[in-house]
Amino acid sequence: MRRAHVGWLVALGMVGLIALDRVQSAPLNPYTAPPMIALGSGLAATGGHCAAPPPPAR
Amino acid sequence: MTQATAIPASAPGTLSRASVLLLVAALVLAVALMAGPRSGAVLAIGLGFGLALEGFRFGFTGPWRRMILERDASGLLAQLLAIGIVACAALPLLAAGGAELKGAHAPIGLAMVGGAFVFGAAMQIVLGCGSGTLVNAGSGNAVGAVALPFFAIGSFAGAYHLSWWTALGSLPVMALSGGGGLAITLAGLAGVAALALWLGRSGSHRLPARYWGAALALAALAILHLVVAGQPWGVVYGLGLWVAKAVVAVGGDLSGSVFWSAPANAAQVEASLLLDVTSLTDLGIIGGAALVAWWRAGFASPVGVLPARAWVAVIVAGLVLGYSSRLAFGCNIGAFFSGIATGSAHGWVWFVAAFAGSWVGIRLRPALGLEARQ
């Protein structure tokens, strides 16, 4: 087995992930998307990040 | 051997290289047209991270391993240099940017310290951290490719339980800011660099050209990421999100998780991955690493032979990497690189705990059969 085979399997996995996402997720609308650059946009940063503190436990 | 002739070992030609570059540019453009210009830009930055990490053969696990085993401080010094450059831009930007930009600021806590220690051990077992696992998988490394899905499952599970773990004991979020914060951060980085030089073997202060290239490229991309995405470079949130979406796709219910049912995270699960910053950079890193591996004809290399117990160790380590990185509020990227560069105290604590864990992980690796046989 060569690295090419592994690479193809990883690529297939990524294509499958995107396909699942396109089927399951809310439709995309580029006209409601935020501007390209956050700095200076006037919009608060809202993206998920691993360092964001979690909600308090119930 | 027929297998050897089936895949040419020579580098791809100019025409095929140009074609692939055009295809990659078309993919980025397609994402921008479908999901908006920011998504396309973040994917392009992610590709840049992958190109830089694989292109300069730079990472986080290897330099720590060489510091511990060979007293070679050069890779660690390059990491500190990159973090320092990012801090010089990020801390003033965060001070001036208001709510448009946010840092990688997380609380220090019991689970956070334990998670960082365990992450450090596991990343030495699979020789891949957060970014390293993505790069390894993209470049056709079988260990990285096997570890990646389990890393994602672990990340999902760790986030699922994160609020419970954090409730065991956490300090308030502590973050340095402004000019004073930058001065303390740079002094801290200089102090660690001095300690590494003192402990390191003679000559390890001389950084190879590729380390300079990697440090400068990663720093430039990380600053660009903050400006474009509004948040620092991170890895593990996106991986957990991929599994959360898969769970929902098969009818799973995430309402039992405080984390995944929180409005912001539930909205991310419902929205497309093409709108999630960390998913886009993660996909870009995999793609960028694959591009470099293909460019160098690295895909023709054979996959190393490992015993069965080694694959079991890779799967377990992948799960542990994902789970522990959520408890630790980030991996080497989200906590160490971006945390320190944006002034978070948890980044420093993460570094100490993960480095101690790495010392343990390095000693576990041979016992688990993870040194490849010829």
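Calculation rules
- Residues numbered from 1 in each chain as written.
- Chains lettered and ligands numbered in written order.
- Predicted model: local features only at pLDDT ≥ 70, side-chain atom pairs only at ≥ 80, totals over all residues.
- Heavy atoms only, no water.
- Helix = DSSP H or I, 4+ residues; strand = E, 2+ residues; numbered from the N terminus.
- Rg over C-alpha atoms; globule rule 2.2 N^0.38 Å.
- Buried < 20%, exposed > 50% of the residue type's maximum accessible area, 1.4 Å probe, protein only.
- Areas by Shrake-Rupley, 256 points an atom, 1.4 Å probe, with all protein chains shown as cover.
- Contact = heavy atoms within 4.5 Å.
- Buried area = accessible area lost by both parts, 1.4 Å probe.
- Salt bridge = Lys/Arg side-chain N within 4 Å of Asp/Glu carboxyl O.
- Polar contact = N/O pair within 3.5 Å; in protein donor to acceptor, adjacent residues only side chain to side chain.
- Phe/Tyr/Trp six-rings, centres within 6.5 Å; stacked < 30°, edge-to-face > 60°.
- Lys NZ or Arg CZ within 6 Å of the ring centre and 35° of its normal.

Q: What am I meant to see in the overall build of chain A here?
A: Helix and strand counts for chain A stand at one helix and zero strands. Its C-alpha atoms give chain A a radius of gyration of 18 Å, more than 25% over the compact-globule value 10 Å for 58 residues. Viewed in the frame of its principal axes, chain A has a C-alpha envelope of about 50 × 35 × 25 Å. Across the 58 residues of chain A, 29% fall into the buried class. Put simply, chain A shows about 3,500 Å² of open surface, and 70% of that area lies on carbon and sulfur atoms.

Q: Would you explain the interface of chain B and chain A in this entry?
A: As a measure of interface size, the accessible area lost when the parts come together is often cited. Taken together, the 77 residues of chain B in the interface contact 46 residues of chain A. Summing both sides of the interface, chain B and chain A together bury roughly 4,800 Å²; the carbon and sulfur share of this comes to 65%. Our count for the chain B to chain A interface comes out at one salt bridge. Between D21 of chain A and K245 of chain B there is a salt bridge, with its nearest N and O atoms 3.4 Å apart. Where chain B touches chain A, the interface holds 27 residue pairs in polar contact (both at pLDDT 80 or more). Tallying contributions element by element places helix 12 (residues 236-249) of chain B first for the side of chain B that touches chain A, with seven residues.

Q: Can you help me understand helix 7 (residues 130-138) of chain B in this one?
A: Every α-helix carries 3.6 residues per turn, so stepping three or four residues along brings you back to the same face. Residues and elements named next belong to chain B. Among the nine residues that make up helix 7, nine are buried, leaving the element largely enclosed by the rest of the structure. Listed as buried for helix 7 are G130, S131, G132, T133, L134, V135, N136, A137 and G138. Following helix 7 by one or two positions, G140 has its phi on the positive side, about 85°.

Q: Explanation requested: the pattern of salt bridges in the structure shown.
A: Close approach of charged atoms allows side chains of opposite charge to pair. Across all of its chains, the model carries four salt bridges over all chains by this definition. Measuring nitrogen to oxygen at the nearest pair gives 4.0 Å for the salt bridge that ties R201 of chain B to E70 of chain B. Residue R201 of chain B is located in the loop between helix 10 (178-199) and helix 11 (209-229), and its partner E70 of chain B is located in helix 4 (residues 61-70); the two are separated by 131 residues in the primary sequence. One salt bridge connects R201 of chain B with D72 of chain B, and the closest N-O pair in it is separated by 4.0 Å. With R201 of chain B in the loop between helix 10 and helix 11 and D72 of chain B in the loop between helix 4 and helix 5 (74-97), this pair connects stretches of sequence that are 129 residues apart. Three or more residues joined by partner-sharing salt bridges are found here, namely D21 and R22 of chain A together with K245 of chain B.

Q: Is there a simple way to think about the packing of aromatic side chains in this case?
A: Residues and elements named next belong to chain B. Under the defined criterion, the tally for this structure stands at 23 aromatic pairs over all chains. Here the aromatic rings of W64 and F355 are separated by 5.1 Å at their centres, their planes lie at 45°, and the arrangement is tilted. Of this pair, W64 sits in helix 4 while F355 sits in helix 18 (residues 345-367), and the two are 291 residues apart along the sequence. Here F355 falls in the partly exposed class, since its relative accessible area comes to 21%. Between F259 and W260, the aromatic rings sit 5.0 Å apart at their centres with planes inclined by 85°, giving edge-to-face as the arrangement. We note that F259, like W260, is buried. It is R363 that lies over the ring of W359; its NZ or CZ is 3.9 Å from the centre.

Keep in mind these values describe shape, not function.
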